[in-house]
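What follows is each chain in one-letter form.
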Amino acid sequence: MSYRAPLDAFRRSMAVIGAERLAQTERFAEATPETVEAVLGEAGRIAADVLAPLQRPGDLHPARLENGVVRSAPGYAEGYTAIAEGGWVGICAQAENGGMDLPQTLGSAVGEMFASACLSLSLCPLLSQGQIEALEHHAPDWVRENWLPKLVSGEWTGTMNLTEPQAGSDVGALRSKAEPVGDGSYKISGQKIYISWGDHDLAGNVLHLVLARLPDAPKGTRGVSLFIVPKLIDTGDSPAKPNSLRVVSLEHKLGLHGSPTCVMEFDGATGWLVGPEHGGMACMFTMMNNARLGVGVQGVGIAEAACQKALAFALDRKQGRTPTGDGRGPIADHADVRRMLMRMQTLTAVARMICLDCAFSLDMARAAPEGERGRWADRAAFLTPIAKAFGTDAGCEVADLGIQIHGGMGFVEETGAAQFLRDVRVTTIYEGTNGIQALDLVGRKLADGGAVAQALIEEMAEAGVSDAVLGPLRDATGWMLGADPQDRAAGATAYLDAFALALGARYLDRSAALAPGDLRAEALAAYHRERHLPRIAGLCAEACVGAGTLYALAPEALAADAAAS
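Residues numbered from 1 in each chain as written. Predicted model: local features only at pLDDT ≥ 70, side-chain atom pairs only at ≥ 80, totals over all residues. Heavy atoms only, no water.

Visitor: What am I meant to see in the overall build of the protein here?
Guide: In terms of regular secondary structure, the protein is built from 19 helices and eleven strands. Taking 565 residues into account, the globule formula puts the C-alpha radius of gyration at 24 Å, and the protein, at 24 Å, falls close to it. Principal-axis analysis of the C-alpha atoms gives the protein an extent of 75 × 65 × 55 Å. Counting every position in the protein, which comprises 565 residues, the buried fraction comes to 55%. Once local pairs closer than 6 in sequence are excluded, the contacts in the protein between residues at least 24 apart make up 73%. (Helix = DSSP H or I, 4+ residues; strand = E, 2+ residues; numbered from the N terminus. Rg over C-alpha atoms; globule rule 2.2 N^0.38 Å. Buried < 20%, exposed > 50% of the residue type's maximum accessible area, 1.4 Å probe, protein only. Contact = heavy atoms within 4.5 Å.)

Visitor: Help me out: how do you make sense of the environment of Met460 in this one?
Guide: Assignment of secondary structure puts Met460 in helix α14 (residues 451-462). For Met460, a relative accessible area of 0% gives the class buried. As a C-alpha pair, Met460 and Ala502 span 42 residues in sequence and 7.9 Å in three-dimensional space. Once residues lying within four places of it in the same chain are set aside, the contact partners of Met460 are Val465, Leu470, Leu473, Phe499, Ala502, Leu503 and Arg506.

Visitor: Got a minute to help me understand the pattern of salt bridges in this structure?
Guide: Between side chains of opposite charge, pairing is possible as soon as their charged atoms come close. As enumerated under the stated definition, the model contains 30 salt bridges in all. When the shortest N-O distance is used, the salt bridge between Glu112 and Arg352 registers 2.8 Å. Of this pair, Glu112 sits in helix α5 (residues 104-117) while Arg352 sits in helix α10 (residues 335-367), and the two are 240 residues apart along the sequence. Here Glu112 and Arg352 have matching classes, each one buried. (Salt bridge = Lys/Arg side-chain N within 4 Å of Asp/Glu carboxyl O.)

Visitor: Teacher, can you tell me more about the packing of α5 against helix α9 (residues 280-316) here?
Guide: Helices that pack against each other are described as a pair by the angle of their axes relative to one another and the distance between those axes. For the pair α5 and α9, interaxial distance at closest approach is 7 Å and the crossing angle is 45°. Judged by the angle between their axes, α5 and α9 are oblique. Every pair of crossing elements has a handedness; the one defined by α5 and α9 is right-handed. In contact with Gln104, Ser108, Gly111, Glu112, Ala115 and Ser116 of α5, α9 contributes Asn290, Leu293, Val297, Gln298, Val300, Gly301, Ile302, Glu304 and Ala305. The residue inventory of the contact of α5 with α9, partitioned by class, reads six nonpolar, seven polar and two charged. (Axes fitted to C-alpha atoms, helices over the stretch in contact; angles between N-to-C directions. Parallel < 35°, antiparallel > 145°, perpendicular 65-115°, else oblique. Left-handed = near helix turned anticlockwise from the far one by under 90°. Nonpolar A, V, L, I, M, F, W, Y, C, P; charged D, E, K, R; others polar.)

Visitor: What is the right way to look at the pairing of strand β6 (residues 205-212) in this model?
Guide: Consecutive residues of a regular strand have side chains that alternate between opposite faces of the sheet. In terms of residue burial, β6 counts as a mostly covered element, since eight of its eight residues are buried. Alternating residues of β6 divide into Asn205, Leu207, Leu209 and Leu211 and Val206, His208, Val210 and Ala212, and every residue in both groups is buried. Pairing between β6 and strand β7 (residues 225-230): six bridges, direction antiparallel. When the bridges of β7 are listed, His208 appears paired with Val229. (Pairing = 2+ DSSP bridges.)

Visitor: I tried to follow empty space enclosed by the protein on my own but got confused; where do I start?
Guide: Think of a ball as big as a water molecule: rolled over the atoms, this probe shows where empty space is left. Following the criterion strictly, the structure yields one cavity of 30 Å³ or more and no others. What lines the largest cavity is simply Ser108, Glu112, Val297, Val300, Arg352, Cys355 and Leu356. Of all the secondary-structure elements, those providing two or more residues to the lining of the largest cavity are α5, α9 and α10. With three residues, the top contributor of residues to the lining of the largest cavity is α10. (1 Å grid on protein atoms, 1.4 Å probe; cavity = no way out; pocket = protein on both sides within 12 Å on 5 of 7 lines; lining within 4 Å. Points joined across faces, edges and corners; volume = space filled by probe spheres on them.)

Visitor: Would you explain the side chain of Asp363 in this entry?
Guide: Considering the arrangement of structural elements, one finds Asp363 in helix α10. Classification of Asp363 as buried rests on a relative accessible area of 0%. Among the polar contacts listed, one links the side chain of Asp363 to the backbone nitrogen of Gln104, at a separation of 2.7 Å. (Polar contact = N/O pair within 3.5 Å; in protein donor to acceptor, adjacent residues only side chain to side chain.)

Visitor: I keep staring at the packing of aromatic side chains and nothing clicks. Help me out?
Guide: Any two aromatic rings considered together are summarised by their centre-to-centre distance and by the angle between their planes. This structure, assessed with the given rule, holds ten aromatic pairs. Considering the side-chain rings of Tyr76 and Trp197, the 6.3 Å spacing of their centres and the 25° angle between planes classify their relative orientation as stacked. One end of the pair, Tyr76, is in helix α4 (residues 76-85); the other, Trp197, is in the loop between β5 (185-196) and β6, and 121 residues separate them in sequence. Per residue, the accessibility class of Tyr76 equals that of Trp197, and both read buried. A ring pair is formed by Tyr495 and Phe499, whose centres lie 5.9 Å apart and whose planes are at 70°; its orientation type is edge-to-face. Here Tyr495 and its partner Phe499 are both found in helix α16 (residues 485-514), four residues apart, which amounts to about one turn of the helix. Comparing Tyr495 with Phe499, the two get one shared label, buried. Ring pairing ties together the aromatic residues Trp142, Trp147, Trp156 and Trp272, which thus form one cluster. Between the NZ or CZ atom of Arg352 and the centre of the ring of Phe10, over which it lies, the distance is 5.3 Å. (Phe/Tyr/Trp six-rings, centres within 6.5 Å; stacked < 30°, edge-to-face > 60°. Lys NZ or Arg CZ within 6 Å of the ring centre and 35° of its normal.)

Visitor: Any chance you could explain the nonpolar core here in plain terms?
Guide: Considering soluble globular proteins, one finds that nonpolar side chains tend to be buried as a cluster. Residues Leu121, Ile386, Ile405, Tyr495 and Phe499 are the most contacted members of the largest nonpolar core, which totals 163 residues. A per-element tally of this core places α10 first, with 18 residues. Residues contacting Ile405, with those up to four places away along its chain left out, are Ala310, Phe313, Ala314, Ile331, Val337, Met340, Leu341 and Met344. (Core = buried A, V, L, I, M, F, W, Y, C linked by side-chain atoms within 4.5 Å.)

Visitor: How should I be thinking about the pairing of strand β11 (residues 261-274) in this particular structure?
Guide: Among the 14 residues of β11, eleven are classified as buried, and the element is accordingly described as predominantly covered. For β5 and β11, the ladder comprises ten bridges, and the chain directions are antiparallel. Bridge assignment links Lys187 to a residue of β11, and that residue is Thr270. Strand direction decides the pairing type here: strand β10 (residues 245-250) and β11, joined by five bridges, are antiparallel. Paired with Arg246 across the bridge in β11 is Glu265.

Visitor: Which parts of the structure should I look at to understand the packing of α9 against helix α12 (residues 417-424)?
Guide: Their axes nearest at 10 Å, the elements α9 and α12 cross at an angle of 170°. In this view, α9 runs roughly antiparallel relative to α12, as classed from their interaxial angle. Of the residues in α12, those touching α9 at Gly299, Ile302, Ala305, Ala306 and Lys309 are Ala417, Phe420 and Val424. Here the residues of the contact of α9 with α12 are counted per class, giving six nonpolar, one polar and one charged.

Visitor: Would you mind showing me how to read helix α11 (residues 373-406) here?
Guide: Owing to its 3.6 residues per turn, the α-helix brings residues three or four apart onto one side. If you check α11, its first and last C-alpha atoms are 47 Å apart, about what 34 residues at 1.5 Å a residue would give, namely 50 Å. Along α11, the helix axis deviates most sharply at Leu383, where the bend reaches about 30°; the proline Pro385 sits within four residues downstream. For α11, a buried count of 24 out of 34 residues is recorded, marking the element as mostly surrounded by other parts of the structure. (Expected span 1.5 Å × (residues − 1). Bend = angle between axes of the 7 residues up to and from the residue.)

Dropping the structure here:
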């Protein structure tokens, strides 16, 4: 079965979060229902007809490095051209730079469809979109005037270069250096790893955002600056020339084979400062926060694609006696297969609405009346780690259940079911691991005394979510506010999962209420209520246990049984 865009699901989800309010603002007045419908329809067509056929070829014939040049997977050039020429890279970019200036809510829906169709290729424009936002906020005027339009149009693409061999999640440990030349430029030297789409043959140039240290930089993240380093130096004053950087190698990965993951070496490459000296982390986080929501959306995209494939298989495959019909129905009639299908559908729906609600909050932080923007920004910040972690965890679990429904054929690569899990697995790792997202939630995002958390809990209460669900969540929030940092960290993931499931109750109940008589909406809400919500009390209890049992054994004692044998 080929992927088909779930347009009804997007319409329903946008109604649930109240996205129609965007068109009532001055900023997004052009996002009328007619525009939204046209954008969703055309993006769905491109996803299904142009990108989805590239999913399997990219896995079988991955990107490769030939004589220092990265060659893309078959058909990717044509697929990227369709994305760029359709204006999809700049769907949310400012109009003054050639963008559509449409809401992030709509951009997230488009991003999900592209990820469902071909995650490896969709990652390329996603990185450009994050860079566009960072440059809109922090780049020098000449960069915004001369280079941003080329990123927005898709003529050029962008990357982010944070990770080094000794500095993964600990960005402050990076060693890359930046030496001022005296003419406003810098010489950038160092090696970066895990650089998605660090080089390719899809576009005319690649702009790298690189974190590096100036000679007088203090230690840690306070000493990190951000630089823009092009593959080809093209300032408009003279013909473009190659910069002093190269791809050392491509990583051999579990999945995402069509997406080249590069080891990049900068050897005195020319770059320019973005933002203030030693202010690189704040600038890069503009891109990373955009990307974290985008990665959550990637998880939802794979979940949707895995749902479609598993359901098609379950409706076609006959095996054993079934409790309905003449006893020889499809495996979808078996209770345990039905359990898996319902869990897949429900997790996907909840994750989608969390991501869209986060995007909607980001939009309202820019478009709401001035006095309300801070509240919306805080709401978006709180939802971002939940969207990233729950969206990608859902993508992994749904893809895994899809393999299980396929049975032995799920373990056989020719069905394509396994590729979903291999491709989506990294989304729980990059752009900040899901453990880091949970720590961010119980750390920075509760640093306001729990004000945003409590406001969201009250939103759920007003929407009719029961106190049996919200009581444990309130208690866990209070416990987190008073707990030792190590104890908070030990329960962070459980707390994030509990909050996400509680949000799901609000979304699914409202979805059913907005469509009385819609059996599917009612069934998903009931499944979530009966099978997911009882888990919240247990997750909240786990969140409040503390770190004691995690540290009951010294590290060397963890291997004691193996050593004894």
